[in-house]
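Each chain is listed here by its residues.
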Amino acid sequence: MSDIVAAAVKALSEKLGDNALDGSAKFEIEGEGALIIDANGVRASDDEADVTLTADAELFQDILSGDVNPTSAFMSGKLKVDGDMGMAMKLGSVLS
């Protein structure tokens, strides 16, 4: 697992707190790896998920830090979303 994925797992776990996701989402960080968010929390994994969000490491870090709105990143084409858009929207509200 890359340092970026490990840091993302930690940061997302802190952001989510006790809020469980009623589904699953995968973040693919280009060139680094993937992580899953589901009812069990956040972990490094490349398992199948309801929705997959793909971005480069810099954009992903900017989303986590709150510098970039995930919806804006999607609308500008920087964040790719494949799968359940409803789940992506739920996740976006958790990350904001």
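Everything in this summary refers to the structure shown in the same document.

What counts as what
- Residues numbered from 1 in each chain as written.
- Predicted model: local features only at pLDDT ≥ 70, side-chain atom pairs only at ≥ 80, totals over all residues.
- Heavy atoms only, no water.
- Helix = DSSP H or I, 4+ residues; strand = E, 2+ residues; numbered from the N terminus.
- Buried < 20%, exposed > 50% of the residue type's maximum accessible area, 1.4 Å probe, protein only.
- Polar contact = N/O pair within 3.5 Å; in protein donor to acceptor, adjacent residues only side chain to side chain.
- Salt bridge = Lys/Arg side-chain N within 4 Å of Asp/Glu carboxyl O.
- Contact = heavy atoms within 4.5 Å.

## Concerning the environment of R43
Phase 1: Tracing the chain through its elements places R43 in strand β3 (residues 41-44).
Phase 2: For R43, a relative accessible area of 31% corresponds to the partly exposed category.
Phase 3: Taking the C-alpha atoms as reference, R43 lies 9.1 Å from V5; in sequence the two are 38 residues apart.
Phase 4: Within the local environment of R43, its side chain forms a polar contact with the side chain of D38, the two groups lying 2.9 Å apart.

## Details of the pattern of salt bridges
Phase 1: Applying the stated criterion across every chain, the model contains seven salt bridges.
Phase 2: With a shortest N-O distance of 2.9 Å, R43 and D38 are connected by a salt bridge.
Phase 3: Between D47 and R43 there is a salt bridge, and its shortest N-O distance comes to 3.5 Å.
Phase 4: A single network of salt bridges, built from pairs that share partners, joins K26, E28 and D46.

## Focus on the side chain of T54
Phase 1: Tracing the chain through its elements places T54 in strand β4 (residues 51-55).
Phase 2: A polar atom in the side chain of T54 sits 3.5 Å from the side chain of E28.
Phase 3: Every residue in contact with T54, bar those within four places of it in the chain, is listed here: E28, E30, K78, L79 and K80.

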